[in-house]
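# An overview of the molecular structure
Take a look at the letters that make up each chain.
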Amino acid sequence: MGWVHEATAVFAKEVRTEWRTRVALSSTVLFAVGALTLIGMALRVNGVGAVGQAVPGVLLWVLLLFTAATGLGRAFVVEEERGTALALRLTARATAVWTGKFAANAALLLALTVLTTPPLLTLFNGKVANLSLLFCVLILGALGIAAVFTMTSALVAQSSAKGGLLAVLSFPILVPLLTAGVHGTLAALGIGNPQGLFSAGQGDVQILVSYMVIAITASLMLFDFVWND
Amino acid sequence: MTKVAKYILGLGMAGILAYIFLVLPPAQGFVAPELARIVALHLPNAMIVMVASFMAAAYGFRYLTRGRNPLDDAKSKVAAVLAMLFCLLTTVTGAFFAKVQWGAYWNWDPKQTCIFFLLLIYAAYFLLRSGIEDPEKRAAVAAVYILFAGVMTPMLGYFVPKQMPSLHPKNAGFDASYNTAIWTTTALLLGLFAWMQSLGVRSERIKLALDARDEER
Amino acid sequence: MTGMMPLLIVALLIWAGVFVFMLGVDRKVSALERRLGLDDDSRRVSAKENSL
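Here the structure is a predicted model, which is why all the values come from computation and not from measurement. (Residues numbered from 1 in each chain as written. Chains lettered and ligands numbered in written order. Predicted model: local features only at pLDDT ≥ 70, side-chain atom pairs only at ≥ 80, totals over all residues. Heavy atoms only, no water.)

### A closer look at the overall build of chain A
If you tally the helices and strands in chain A, you get 9 helices and 0 strands. Along chain A, helices and strands appear, N-terminal first, in the series α-α-α-α-α-α-α-α-α. Expressed as a percentage of its 229 residues, the buried residues of chain A come to 51%. At a minimum sequence separation of 6, the contacts of chain A that also span at least 24 residues come to 86%. For chain A, the computed accessible surface area is about 10,000 Å², with 70% contributed by carbon and sulfur atoms. (Helix = DSSP H or I, 4+ residues; strand = E, 2+ residues; numbered from the N terminus. Buried < 20%, exposed > 50% of the residue type's maximum accessible area, 1.4 Å probe, protein only. Contact = heavy atoms within 4.5 Å. Areas by Shrake-Rupley, 256 points an atom, 1.4 Å probe, with all protein chains shown as cover.)

### Some details on the overall build of chain C
Counting secondary structure elements, chain C contains 2 helices and 0 strands. Residues classed as buried in chain C amount to 25% of the 52 residues present. Surface summary for chain C: the accessible area is close to 3,900 Å², and the carbon and sulfur share equals 67%.

### Some points on the interface of chain C and chain B
Contacts between chain C and chain B engage 21 residues on the former and 24 residues on the latter. Both faces considered, chain C and chain B share a buried interface measuring about 2,300 Å² in area, 75% of it formed by carbon and sulfur atoms. Summed over the three residues of chain C that lose the most area to chain B, namely C:M4, C:W15 and C:M22, the buried surface amounts to 27% of that side. In this structure, B:R202 and C:E33 form a salt bridge, with 3.2 Å as the shortest nitrogen-oxygen distance. The interface formed by chain C and chain B holds 5 residue pairs in polar contact (both at pLDDT 80 or more) in total. (Buried area = accessible area lost by both parts, 1.4 Å probe. Salt bridge = Lys/Arg side-chain N within 4 Å of Asp/Glu carboxyl O. Polar contact = N/O pair within 3.5 Å; in protein donor to acceptor, adjacent residues only side chain to side chain.)

### Topic: the packing of helix α3 (residues 55-72) of chain A against helix α7 (residues 131-156) of chain A
Residue and element names in this part refer to chain A. In the contact formed by α3 and α7, the axes pass within 10 Å of each other and the chain directions differ by 30 degrees. As the angle between them shows, α3 and α7 are arranged roughly parallel. At the point where α3 passes α7, the crossing takes the right-handed sense. Counted together, L60, W61, L64, L65, A68, A69 and L72 of α3 and V137, L138, G141, I145, A146, F149 and S153 of α7 form the full contact between these two elements. In the contact of α3 with α7, the residues fall into 12 nonpolar, 2 polar and no charged. (Axes fitted to C-alpha atoms, helices over the stretch in contact; angles between N-to-C directions. Parallel < 35°, antiparallel > 145°, perpendicular 65-115°, else oblique. Left-handed = near helix turned anticlockwise from the far one by under 90°. Nonpolar A, V, L, I, M, F, W, Y, C, P; charged D, E, K, R; others polar.)

### Observations concerning the packing of helix α1 (residues 3-23) of chain B against helix α6 (residues 176-216) of chain B
All names here are of chain B. One can describe the packing of α1 onto α6 by two numbers: an axis separation of 10 Å at closest approach and a directional angle of 150 degrees. The angle between α1 and α6 places the two elements in the roughly antiparallel class. The handedness of the crossing between α1 and α6 comes out as left-handed. Of the residues in α6, those in contact with K6, L9, G12, M13, I16, Y19 and I20 of α1 are S177, T180, A181, T184, T185, L188, L189, G191, L192 and W195. Across the contact of α1 with α6, the residue classes break down as 10 nonpolar, 6 polar and 1 charged.

### Regarding the interface of chain B and chain A
Taken together, the contact between chain B and chain A spans 26 residues of the former and 30 residues of the latter. Both sides of the chain B and chain A interface together cover about 2,600 Å² of buried area, and 83% of this is carbon and sulfur. At the boundary of chain B and chain A, one finds 0 salt bridges. Listed by contribution, the elements that provide at least two residues to the side of chain B that touches chain A are α2 (39-65), α4 (110-130) and α5 (135-163) of chain B.

### Some words on a nonpolar patch on the surface
Residue and element names in this part refer to chain A. Together, F31, V58, V62 and F66 line one region of the surface with nonpolar side chains, adding up to about 280 Å² of accessible area. Among the elements that line the nonpolar patch, the one with the most residues is α3, at 3 residues. Along the chain, the position of V62 falls in helix α3. (Patch = residues over 30% accessible without salt bridge, like charges linked within 9 Å, V, L, I, M, F, W, Y side chains within 5 Å.)

### Considerations on the nonpolar core
Residues and elements named next belong to chain A. W61 and I145 are the most contacted members of the largest nonpolar core, which has 143 residues in total. With 16 residues, the top contributor of residues to this core is α7. Apart from residues no more than four positions distant in its own chain, W61 is found in contact with V137, L138, G141, I145, L177, L178, G181, V182 and T185. (Core = buried A, V, L, I, M, F, W, Y, C linked by side-chain atoms within 4.5 Å.)

### Considering the packing of aromatic side chains
For the structure on display, the rule yields 9 aromatic pairs over all chains. Cluster of aromatic residues (ring-pair linked, three or more members): B:Y7, B:W195, C:W15 and C:F19. (Phe/Tyr/Trp six-rings, centres within 6.5 Å; stacked < 30°, edge-to-face > 60°.)

### Quick word on the side chain of A:T150
Residue and element names in this part refer to chain A. Tracing the sequence through the fold places T150 in helix α7. A polar atom in the side chain of T150 sits 2.5 Å from the backbone oxygen of A146. Look past the residues within four positions of T150 in its chain and what remains in contact with it is F76, W98, K101, F102 and N105.

Here is the structure:
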């Protein structure tokens, strides 16, 4: 099978197996809904005005991050648990496996971003100054987060201390992405930069693009070492 | 490390400490020029962190690509321990400087925060290692993590701090004697690091030999 | 400048402690290596004896 064929097959398998049980999907959606509701309630108690301007932008990323940690962590663990890891190793090469998993994780996270951003912004009466910048930043950020989590979940799957370890491993690595993402989001919302908005966000978009590229490349190169022993 | 080298290190370090505290002129342009001299201890530590991090990643790479020699994994682990130790020292010396200069031990300054995140990465590295039983798997996973983190963190240490306004002084009022102090201290700390690394690797080698012996029985 | 003396003394004490500790560890590690036959000197000697 060609590489693209293999990767697509892995992706299709991920989607299909996930759709059967919908565990990752439901836990992430529930988490997002729960978090949004909490935020809404807190705002209702204290009033929107009491919250700083930058909060919606920051909260968006916190939400993205924790949603990813909840939903993306199981990708490889499940394979080990169900015993399907060997079958996967035999049918597809390492890079195709990683890409397929990454695509599935990215799809989940992107869907969640699209679902949670509008409600969050309306909760805060957030006005979007530059919609295209916001799109760019959020999409690139989601892809970067998905790449990092796909890689670290492969590492954690080998260990016996699963749950919290994923977050601990991934968060420090994600710091540059989060900094650029939050900064870019704030620029897109019209906060924090008196000069031209897109020029302020441009630096962040560049960082996000390079981050994503490096994360994907590094993952593809390193994944083989843990996957095939 | 030869005995002579060790004693040179011991005396040399004592000497440079005396130099830093007694001979070095107070740094101009700082809130407390006398105490700002801790910079001469702070910067060399930061440089050793870079060296140790690089070595940990390099030995991890060697492990993965040169036949999975357990000694390479041991070398990588020891370097990681030392990187974490010097990271801690850098953060502490930096915090003292911050307290004196800006009134608070912690300021959310980008460089400060980034070195702290480096500390977290190493802590995560050891947590990861402790969760895996099989030594070969453990070594491979640890190597991949340290390489992955190693590839992503130059962004941490370089690009992000560049973008953000930082409290870290740029061209401060240091005169030439500070350069001597800083570079001498760096050289001596490098010697200390080499000694610690060698001791650590030798201990690991002993452990491996003992394990092999137990298996033979 | 003499205000720095107490700080210097503290720093020197810390360094002395670290240095002595390292020497101690070095000694222990060397002893263990000798016992296990891992140290280079004994290996070199035994290699020589073998080649004779």
